[in-house]
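# Summary of the model geometry
Here is what each chain is made of, one letter per residue.
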Amino acid sequence: MALFDSLYSSTSKEFTTIGRLSLAAFSGFLLAECYTGIGFAIGSWVFVMLLLLPLFGARGRVAFSSGFLHGLVFVLTSLYWIAIVLEVHGGLSHLGGIGVLLLIALAWGVLTGLFAWCVNFISRRSIARACIAAPFLWVAFEFVRAHLPEIGFPWNLLGYPAAANLALVQLTAVTGIYGLSFVVAGFNALSAWTVSAAPAGYWRRCSILLGAVIVLVAIAWLGPRFVPEARAGHFARAVQLNFPEAESYESDWFRLHAAELDEIERLSVAPPDKTPDIIVWPEAPAPFSFEDPQFARRTSALAIRSGMPFLAGDIEWKPLAVSEGQAGQTRMAPYNSAILVDRQGQRVFEYDKIHLVPYGEYEPFPLIHRVVTNVSNEVGGFTPGSNVAVGTLANGHRFSVFICYEAIFAGEIRRFAAKGAQVFFNLSNDGWFGRSAAPAQHLAMARVRAVENRRWLVRSTNNGYTVSVDPYGRIVARLAPDVRASVDLPYDFRTDETLYTRLGDWFAWLCVIVSALLPMFALASRK
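Notes on the structure in this doc start here.

Reading the values: rules and limits
- Every chain's residues receive numbers from 1 upward, in the order its sequence appears when written.
- Where totals are concerned, whole chains, interfaces and linings use all residues; where local detail is concerned, this predicted model gives features only for residues with pLDDT of at least 70, and gives and counts side-chain atom pairs only at 80 or more.
- Hydrogens and water molecules were not included; the side-chain quantities draw on all heavy atoms of the structure.
- Side-chain atoms within 4.5 Å link the members of a nonpolar core, which is a set of buried Ala, Val, Leu, Ile, Met, Phe, Trp, Tyr and Cys residues.
- The cut-offs for exposure are 20% and 50% of the maximum accessible area for each residue type, with area from a 1.4 Å probe on protein chains only; residues under the lower value are buried, those over the upper are exposed, and the others partly exposed.
- Throughout, a contact is declared for two residues whenever any of their heavy atoms are within 4.5 Å.
- Any carboxyl oxygen of Asp or Glu within 4 Å of a side-chain nitrogen of Lys or Arg constitutes a salt bridge here.
- Working definition: helices are DSSP H or I runs of at least four residues, strands are E runs of at least two. Numbering for both runs from the N terminus.
- DSSP calls a pair of strands paired once it identifies at least 2 bridges connecting them.
- Geometry is summarised by axes, namely lines fitted to C-alpha atoms with helices restricted to the contacting stretch, and by angles between N-to-C directions that run from 0 to 180 degrees.
- Should the near helix be turned anticlockwise from the far one by less than a right angle, the crossing is termed left-handed; should it be turned clockwise, right-handed.
- In the scheme used here, Gly and all other residues not listed as nonpolar or charged are polar, with Ala, Val, Leu, Ile, Met, Phe, Trp, Tyr, Cys and Pro taken as nonpolar and Asp, Glu, Lys and Arg as charged.
- Here a patch means residues that are over 30% exposed by relative accessible area and free of salt bridges, tied together within 9 Å if like-charged and within 5 Å if nonpolar (Val, Leu, Ile, Met, Phe, Trp, Tyr).
- Computed with a 1.4 Å probe, the accessible areas rest on the Shrake-Rupley method; for each residue, only the protein chains presented here act as cover.
- The span you would expect from a helix comes to 1.5 Å times its residue count less one.
- Relevant arc is that of directions from the helix axis to the C-beta atoms, nothing else.
- Between the rings of Phe, Tyr and Trp (Trp by its six-membered ring), a pair exists once the centres lie within 6.5 Å; its type follows the angle of the planes, with under 30 degrees stacked, over 60 edge-to-face, and the other angles tilted.

## A closer look at the nonpolar core
One finds Leu52, Phe153 and Val401 to be the most contacted residues of the largest nonpolar core, which totals 131 residues. Excluding its chain neighbours within four sequence positions, the residues that come into contact with Phe153 are Leu79, Trp81, Ile82, Ile104, Trp108, Arg145, Ala146, Tyr405 and Ile408. By size, the runner-up hydrophobic cluster in this structure holds 22 residues, among which are Trp253, Ile264, Ala296 and Met308.

## Considerations on the pattern of salt bridges
Opposite charge on two side chains lets them pair, provided their charged atoms get close. The tally for this structure, following the rule as stated, stands at 17 salt bridges. The salt bridge involving Arg298 is made with Glu265; its shortest N-O contact spans 2.6 Å. Within this pair, whereas Arg298 is found in helix 14 (residues 293-306), its partner Glu265 is found in helix 13 (residues 258-269), the two being separated by 33 residues in sequence. When its relative accessible area of 13% is taken as the criterion, Glu265 is described as buried. Connected via shared salt-bridge partners are Glu291, Glu316, Lys318, Arg347, Glu350 and Asp352.

## A few points about the sheet that holds strand 8 (residues 391-392)
If you trace the 6 strands from one edge of the open sheet to the other, you get 8-9-10-11-12-13, paired in mixed fashion. Lying at the two open borders of the sheet, with one neighbouring strand each, are strand 8 and strand 13 (475-478). As paired strands, strand 9 (residues 398-403) and strand 10 (residues 424-428) are joined by 4 bridges and run parallel to one another. When the bridges of strand 10 are listed, Val401 appears paired with Phe425. In the packing of helix 16 (residues 410-418) onto the sheet, the strands contacted are strand 9 and strand 10, and the crossing angle to strand 9 comes to about 165°. Those strands touched by helix 17 (residues 438-453) are strand 10, strand 11 (457-461), strand 12 (467-469) and strand 13, and its axis lies near 155° from that of strand 11.

## Some details on the pairing of strand 14 (residues 485-491)
It is a general feature of regular strands that their side chains alternate between the two faces of the sheet. In terms of residue burial, strand 14 counts as a mostly covered element, since 6 of its 7 residues are buried. Pairing between strand 3 (residues 234-240) and strand 14: 7 bridges, direction antiparallel. When the bridges of strand 14 are listed, Val239 appears paired with Ser486.

## Details of unusual backbone geometry
One non-glycine residue with positive phi stands out, namely Asn242, at about 55°. Here Asn242 shows up in the loop between strand 3 and helix 12 (253-256). Taking the relative accessible area as the measure of exposure, Asn242 reaches 24% and is therefore partly exposed. The backbone of Asp482 shows a phi angle near 65°, a positive value even though the residue is not glycine. Along the chain, the position of Asp482 falls in the loop between strand 13 and strand 14. For Asp482, a relative accessible area of 37% translates into the label partly exposed.

## Re the environment of Val423
Mapped onto the secondary structure, Val423 falls in the loop between helix 16 and strand 10. Here Val423 falls in the buried class, since its relative accessible area comes to 0%. Sequence separation of Val423 and Asn453 is 30 residues, and the distance between their C-alpha atoms is 9.7 Å. Apart from the residues within four sequence positions on either side, Val423 is in contact with Arg398, Phe399, Ser400, Arg455, Trp456, Tyr491, Asp492 and Phe493.

## A short note on the side chain of Asn156
In this structure, Asn156 sits in the loop between helix 7 (127-146) and helix 8 (160-163). Setting aside anything within four residues of it in sequence, one finds Asn156 in contact with Tyr35, Phe74, Ser78, Leu79, Gln441 and Met445.

## A word on the packing of helix 7 against helix 10 (residues 177-195)
At a closest axis distance of 8 Å, the pairing of helix 7 and helix 10 adopts a crossing angle of 150°. The two elements helix 7 and helix 10 cross, and the hand of that crossing is right-handed. For the pair helix 7 and helix 10, the contacting residues are Ala128, Cys131, Ala134, Pro135, Phe136, Trp138, Val139, Glu142, Phe143 and Ala146 in the first and Tyr178, Ser181, Phe182, Ala185, Gly186, Ala189 and Trp193 in the second. In terms of residue class, the contact of helix 7 with helix 10 is made up of 14 nonpolar, 2 polar and 1 charged.

## Describing the pairing of strand 6 (residues 330-341)
In terms of burial, strand 6 is a largely internal element, 9 of the 12 residues being buried. Bridge analysis of strand 6 against strand 7 (residues 347-352) gives 5 bridges, and the strand direction is antiparallel. Its bridge partner being in strand 7, Ser337 is matched across the sheet by Asp352.

## Side note on a nonpolar patch on the surface
Judged by side-chain polarity, Leu210, Val213, Ile214, Val217, Trp221, Leu222 and Phe226 come together as a nonpolar surface patch covering roughly 750 Å² of accessible area. Tracing the backbone shows Phe226 in the loop between helix 11 (202-222) and strand 3.

## Comments concerning helix 13
Between its first and last C-alpha atoms helix 13 spans 17 Å; for 12 residues at 1.5 Å apiece the expected length is 16 Å, and the two agree. Looking only at helix 13, the buried set comprises Leu261, Ile264, Glu265 and Ser268. Looking straight down helix 13, one finds its buried side chains confined to an arc of 100°; they lie on one side. Turned more than 90 degrees from where helix 13 packs its buried face, Ala259 and Arg266 sit exposed. At its buried positions, helix 13 is contacted by strand 3, helix 12, strand 4 (278-280) and helix 14.

## A few points about the packing of aromatic side chains
Given two aromatic rings, their pairing is described by the distance between the two centres and the angle made by the two planes. For the coordinates displayed, the defined rule picks out 31 aromatic pairs. Summarising the aromatic geometry, the rings of Trp281 and Phe310 are spaced 4.8 Å apart at their centres and angled 80° between planes, so their arrangement reads as edge-to-face. Residue Trp281 is found in the loop between strand 4 and helix 14, and its partner Phe310 is found in strand 5 (residues 310-321); the two are separated by 29 residues along the sequence. Phe310 carries the same exposure label as Trp281, and that label is buried. Pairwise contacts between aromatic rings join Phe243, Trp253, Phe254, Trp281, Phe288, Phe295 and Phe310 into one cluster.

In structure tokens:
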């Protein structure tokens, strides 16, 4: 009873400060479980409500603190694997990995705190208006988080659990993933508005909420039956290499691993179940570089022997101008890249990864590196590409490649389709994530890129999840994780453009504009 009294005041019929903070933190924990595989995805439709309720009637600083705790706990619970990955594979010390995770959690917490403060500010005039504003504000701050300098990180957006439903995910072809985040946030806000109702209007609000539930259940249950079936006329031979992760490689790596490479080549050209017309290897999990004659000979020979073009991740080395003060001088810089070798064994396409992984593939804050001793010298090293490359196959069809972490940036992937790509290839090495929830989260986000742009997605990974996704979000073929094997993944070419492909993040920008105006309207209303 004493614990209940510390959380909720029976005299004022309001949450205590401790109660507000505790409920907000608990809501962050519960929402995180919707992404870890432990909880149920349906929880995302109600757990944000547990953040909204303690904001009504709170002081401004308490509201901000509530949102901050929600965001902090959410990151530490759903993205815990970041610290492990950076320590084990990213070259950071134990404290360095924890420090980067905390940096992300703090940034996330501040943004969620600002969201909570804005909702609280508007609710002082009208809880109904605050609930109307909440989904706009939520999407606006998700969009800001995706575009933070150097550490933009749109991972685990609110709409992704709902995107698992085949009918609901179709909305993203119009609005991008942010539209689905808006719907989920809006339902949470409607629930909070209903729960916070005075007795006189409670049942009327309950009837409105019930109507919304019936509509959503009907769409989620009946809608998938009306989603078109996409037929594939082509197959890609995707090979899952299943190499262990290594921070460094022996100088004679190709000689030591010759038997494994021979096995992989046999998988690449094994008699097919279907009729593949391209071989696809994942993001480079080994010292693959076309500048290395050993790798170049193998790739060219494989393409010639199979009679198919060969797409693979590799490390490209290119001249790069050195820093100021040394005009005219260059150095060889590494790029995380993808290359296509044609049936004659010639390299005819390359793409350099544009959006690198902070602290894994490059160091976002070099000044911090010079003053913080617990960051290893191994961090970073890659140079970002700049060309949104679209290649052309021998049959005249056009394709694009995006690599690993780039799959979470919807606005950037959209540019490939806008430039004419008719199919997507996603090369990834998710072995760095270990057996955490991250590989499944990564696949869930990559899958939505196919729907947003109505493109087939062929996803080739080092150790899982290697899949084919149709333009409507169905995973139509897959390989089991953690095995060395090959599979013929169906795909096809599409030339149609979705509204999202044409206009990009128009809906997110609309939410940003509305969110910028809402506090001003609330302030004017109060005056």
